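Notes for the structure review
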Amino acid sequence: MPHRKAQNLEIDNLDIQILSILMKNATTPYTEIAKELIVSGGTIHVRMKKLEEMGVIKGASLEVDPQKLGYDITAFLGIYLEKGSQYQEAVTQLKKIPEIVELHYTTGSWSIFAKIVCHDTNHLREVLNENIQSVSGIQRTETFISLEESIKRQITLE
């Protein structure tokens, strides 16, 4: 499958190699990347700054396992809005619910598709009934509980 060129951004093969290494392990030191790619550490630093300024790199984060922290339920939620024009206000209110970890404006049956994490089914019921259903503009929701996450990955650049 041919690679599509990124929106006229000034990204070359070295940038892609740097991104690929860091996407596998964001804690890889720049000096280690420089050795692997046979360039200077300063080159890696300059390239990373350029990629951040271009908006290619949106930040770095620590990934934790929610289950190990007591969040045993992952659910997906299809949200029906009364009117599409209520989207922005609904999102403003939904952002205040910490159990919502992803939110997407979608085509198809639902206006919004959300991923939520909860401690257990009682917590899920509480979040649905007391928090999400009380958001103005939400007509109804459809909930899907995940039994297992089989694939979770970044895009591949190589």
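Up top you'll find the structure we're talking about.
Keep in mind that what you see is a predicted model, and the values were worked out from it rather than measured.

**Considering the packing of aromatic side chains**
- Enumeration over the complete set of coordinates arrives at four aromatic pairs.
- Ring geometry for Trp110 against Phe144: centres 5.8 Å apart, planes inclined by 75°, an arrangement best described as edge-to-face. Taken as a pair, Trp110 in the loop between strand E2 (100–105) and strand E3 (112–118) and Phe144 in strand E4 (residues 138–145) lie far apart in primary sequence, 34 residues in all.
- When the ring centre of Tyr80 is taken as origin, the NZ or CZ atom of Arg140, which lies over that ring, is 3.9 Å away.

**What about the pattern of salt bridges?**
- Summed over the entire model, instances satisfying the criterion amount to seven salt bridges.
- As a salt-bridge pair, Lys50 and Asp15 come within 2.7 Å of each other at their nearest N and O atoms. Of this pair, Lys50 sits in helix H3 (residues 41–53) while Asp15 sits in helix H1 (residues 13–24), and the two are 35 residues apart along the sequence.
- Residue classification places Lys50 among the partly exposed positions, given a relative accessible area of 25%.
- Classification of Asp15 as buried rests on a relative accessible area of 0%.
- Among the salt bridges present, the one from Glu149 reaches Lys115, with a minimum N-O distance of 3.8 Å. Taken as a pair, Glu149 in the segment after E4 and Lys115 in strand E3 lie far apart in primary sequence, 34 residues in all.
- Note on Lys115: relative accessible area 13%, which makes it buried.
- Each member of the salt-bridge network shares a partner with another, and the members are Asp12, Asp15, Arg47 and Lys50.

What counts and what doesn't
Residues numbered from 1 in each chain as written. Predicted model: local features only at pLDDT ≥ 70, side-chain atom pairs only at ≥ 80, totals over all residues. Heavy atoms only, no water. Phe/Tyr/Trp six-rings, centres within 6.5 Å; stacked < 30°, edge-to-face > 60°. Helix = DSSP H or I, 4+ residues; strand = E, 2+ residues; numbered from the N terminus. Lys NZ or Arg CZ within 6 Å of the ring centre and 35° of its normal. Salt bridge = Lys/Arg side-chain N within 4 Å of Asp/Glu carboxyl O. Buried < 20%, exposed > 50% of the residue type's maximum accessible area, 1.4 Å probe, protein only.

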